[in-house]
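Okay, here's what each chain looks like letter by letter:
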Amino acid sequence: DNLYAPFPSTARSHIPMLTGGNNITWGSVYDEFRHAYTGKTLVGHYVQRDYRTGFFSSGDLGYENRMAFYENLPFDEIFGYNLLSHRERERHGLNTWGVTEEYAWERATEWLDKGTKPFFLHYMTVAGHHPYSYPESLNTPLPGESNHDRYRNTLYYIDTLVEAMHRDLAQRGLLQNTLIAITGDHGQAFGLRHRGNYTHKNRLYEENLRTFLLLIDPRDGAGLRSEEHTSEL
C-alpha cells in the first residue's frame, strides 16, 4: 500500500507496467508513442512461453495516443471503446469515452473461451476516471452528490467487477492456476488535502502519486502485507 507512480498519468504509468523500464518524464507521450518500443516487455515474456495475450479496456485507448503503444506490443487481441461500432457504444455506453465494465469483461471472457493455452490478460477499467460513472441500477454505498462520493462509488463498482472476474475464472476452472494482480496507475485528488489540487496529473502530492498493488495467489492462502515503499519505476 505504499506504491508510487513517478508521474501521475495513465499513459506514462503504463510504460513501466508493461515494459519494466523507466517512465517517460519528458516531452509529449503522443509523439513518443509513435516510436515502437523494442526492448523486453511483460507481454513479450509470455508470448515467448506460448501464452495467449489480450488487452481489454472499457475505455477509449486512443487518448494520448496510447493505442499506438499497445498495438506495438505483441498482444493477440486488443479491445477498447475506440474500436467499437456506434451501435455498440450506444447500447453499452457508460459515458462519452467508455462502456460498462460488465460489457468489456464479457468480451474478455469470450476471448478466454476461444482457447485452451495459458493466457496473459491485461484489463483496464474506465469507471474510476472522471466523470466517475457507474450504472444507475447499482446500489451504491454513498449518495453520489459530490465528485468525491461519485469516485468512491466507482471504486465500489470496480470491486463488483473484481468479484465477477473471480467468479468467472472459478466457473471455468481457471482460478486455481491464475495469478491476479490489481493495481492503480495514479492517485486522485479532490482538493481535500491541498487547496486547488484536483484530478491527478497537475500536482505531485501524496494523493496524486500514491497507489497500490494487490497480488492474489491461489497457492498461498495466508496472505501478507508490506508497508515498504516502492515505485512503478
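Residues numbered from 1 in each chain as written. Predicted model: local features only at pLDDT ≥ 70, side-chain atom pairs only at ≥ 80, totals over all residues. Heavy atoms only, no water.

Trainee: Can you help me understand the sheet that holds strand E2 (residues 52-57) in this one?
Mentor: In sheet architecture, strand pairing relies on hydrogen bonds along the backbone and comes in two forms, parallel and antiparallel. The sheet built from 3 strands is open, its strands ordered E3-E2-E6 with parallel pairing. On the outer flanks of this sheet lie strand E3 (77-79) and strand E6 (119-124), each paired with one strand and no other. Direction aside, neighbouring strands of the sheet carry axes that sit 10° apart on average. Both E2 and E6 contribute to a ladder of 6 bridges, which runs parallel. Counted as the bridge partner of phenylalanine 56 is tyrosine 123 from E6. (Pairing = 2+ DSSP bridges. Helix = DSSP H or I, 4+ residues; strand = E, 2+ residues; numbered from the N terminus. Axes fitted to C-alpha atoms, helices over the stretch in contact; angles between N-to-C directions.)

Trainee: Explain the layout of surface pockets to me, please; I cannot follow it from the model alone.
Mentor: Remark: the empty space left among the atoms is shown by a probe the size of a water molecule rolled over them. In this structure, the second largest pocket spans a volume of roughly 610 Å³. If you go around the second largest pocket, you meet 17 residues; those closest to its centre are Leu213, Leu214, Leu215, Leu224 and Arg225. The element that contributes the greatest number of residues to the lining of the second largest pocket is strand E11 (residues 213-216), accounting for 4 residues. A class-by-class count of the residues in the lining of the second largest pocket yields 7 nonpolar, 5 polar and 5 charged. (1 Å grid on protein atoms, 1.4 Å probe; cavity = no way out; pocket = protein on both sides within 12 Å on 5 of 7 lines; lining within 4 Å. Points joined across faces, edges and corners; volume = space filled by probe spheres on them. Nonpolar A, V, L, I, M, F, W, Y, C, P; charged D, E, K, R; others polar.)

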